[in-house]
Amino acid sequence: MDASRARRVCRTRRTRVLPRLLCPGAALACSLLLVAGCSDTGSGPQARSGREGEAAQAAAPLAANDLQADYERVIKDVLPSVVQIQAGDSLGSGVVYDDKGHVVTNAHVVGENRSFRVTTARNEEALAAELVSSYPEQDLAVIRLERVPDGMKAARFGDSSKVDVGQIVLAMGSPLGLSSSVTQGIVSATGRTVTEGSGGGGTGATIGNMVQTSAAINPGNSGGALVNLDGQVIGIPTLAATDPGLGDSAAPGIGFAIPASMVRTVAGQIIEDGRVTDSGRAALGITARTVVDDGYRPAGVAVVEVSDGGAADKAGLRPGDVVVRLGDTDITTITSLAEALAPMRPGDRAKVTYTRDGDERTAEVTLGEQ
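Throughout what follows, the structure given in this document is the object of discussion.

So, how was this worked out
- Residues numbered from 1 in each chain as written.
- Predicted model: local features only at pLDDT ≥ 70, side-chain atom pairs only at ≥ 80, totals over all residues.
- Heavy atoms only, no water.
- Salt bridge = Lys/Arg side-chain N within 4 Å of Asp/Glu carboxyl O.
- Helix = DSSP H or I, 4+ residues; strand = E, 2+ residues; numbered from the N terminus.
- Core = buried A, V, L, I, M, F, W, Y, C linked by side-chain atoms within 4.5 Å.
- Buried < 20%, exposed > 50% of the residue type's maximum accessible area, 1.4 Å probe, protein only.
- Contact = heavy atoms within 4.5 Å.
- Pairing = 2+ DSSP bridges.

Inspection of the entire model under this criterion finds six salt bridges. Residue Asp70 pairs with Arg73 through a salt bridge whose shortest N-O separation is 4.0 Å. In this pair, Asp70 and Arg73 are both assigned in helix 2 (residues 45-78), three residues apart and thus about one turn of the helix distant. The residue Arg349 makes a salt bridge to Glu364 at a minimum N-O spacing of 4.0 Å.

With that settled, the discussion passes to the nonpolar core. Judged by nonpolar contacts, the single largest core of 38 residues is most densely connected at Val95, Val104, Phe157 and Met172. Broken down by secondary-structure element, the contributors of at least two residues to this core are helix 2, strand 7 (140-145), strand 9 (168-173), strand 11 (206-213), strand 12 (225-228), strand 13 (232-243), strand 14 (249-259) and helix 4 (260-273). If you tally residues by element for this core, the top one is helix 4, at six residues. With sequence-adjacent residues up to four places away left out, Met172 is seen in contact with Val74, Ile75, Val78, Leu79, Val82, Ser181, Val182, Asn221, Gly224, Ala225 and Val227.

Attention shifts here to the pairing of strand 12. Burial along strand 12 is two-sided: the residues Ala225 and Val227 and Leu226 and Asn228 are all buried. Sheet topology places strand 9 next to strand 12; four bridges connect them, and they run antiparallel. Among the inter-strand pairings, Met172 is bridged to a residue of strand 12, identified as Ala225. The sheet contact formed by strand 12 and strand 13 spans two bridges and is antiparallel. Each bridged residue has a counterpart across the sheet, and for Val227 the counterpart in strand 13 is Val233. What sits between the antiparallel neighbours strand 12 and strand 13 is a turn of three residues, in which Gly231 has the positive phi angle 75°.

Secondary-structure assignment places Ala128 in strand 6 (residues 123-135). Along the chain, Ala128 and Val148 lie 20 residues apart, while their C-alpha atoms are 9.9 Å from each other. If we ignore the near neighbours within four places in the chain, the residues touching Ala128 are Phe116, Arg117, Arg144, Leu145 and Glu146.

Looking at the element boundaries, Ile207 is found in strand 11. Overall, the relative accessible area of 0% leaves Ile207 in the buried class. Between the alpha carbons of Ile207 and Pro343 there is a distance of 8.6 Å; along the sequence they are 136 residues apart. In this view, Ile207 contacts Gln138, Asp139, Arg192, Thr193, Val194 and Ile258; residues no more than four positions away in its chain are not counted.

In this section: the pairing of strand 9. Strand 9 sits mainly inside the fold: six of its six residues count as buried. Of the two faces of strand 9, the one carrying Ile168, Leu170 and Met172 and the one carrying Val169, Ala171 and Gly173 are both buried. Sheet topology note: the strand 9/strand 10 (residues 181-195) ladder contains six bridges and is antiparallel. Directly across from Met172, in strand 10, lies its bridge partner Val182.

Here it is as structure tokens:
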């Protein structure tokens, strides 16, 4: 399933890591050099082949042991920074953001709640916490512990621009209420745009630049940590894809995490100002609805209201216009418009194609901020 098209995504319910790991190939090369330099059991092709085979067999368990040691080191380092959050009757996860008791999680984890019970990896006693602010548009929220327990430390957040496909990652959280659980996988893709479902407490957010991973993400993992082998959080696990062809059951090995750069942007503003003051999310500045054609198929986005002085207003759009294309992307629904805007930034210029009284028109729009 192409996750960029899989707009039906299940939220993971309210309720990473190579210290520059020596790759097996490099370990093999070193072993070959050592064997060739220290052994004198023959020089023919058959002898060399035998020595290479022995070196490969010797290198394999060494590489496996190195990788296991890396896993254990990262888990020991990061897991104390991952907490379980009880929000009403639901459970989710969170990541300690700083030494002042701020914890970042998903907006759909906190829901409509304002007080929470938080359990850390090193403390079975639940700690009280209060909501600082929630930003459903990016499905992120920050809560704050009333008391910071001994041994709690803030996680280190990585550079999203350095996340590579194939990178080994670990997902940490409380899937199905099993606190301090760890699963492993790789980064399957970057730059995905995904729309979260709005039913059952979901925010309905369309989020761009997400990290796709094969690490298992299950109900309760939401708000936890996707970590690389350097012990850095590179994303917040948020969504697992569903396959409509299988009755909306989870599609194994396809999960999504909000990139660390966006997490820092949103959490930093919430902690500093109590709310998001600069979302970085592009907008047309319209209130709109999906319209259908004669065959009841989605056919565009009708402008219901134009914000005074907004991007659409300055470009000459007005109520009744139907947006059918943004740049080279066809627009058929509100969701497709949100997905087309997700990778863009305020201030970007885009060509909007729309119809008015049956005539197709275009306008150059300088995008505003949501």
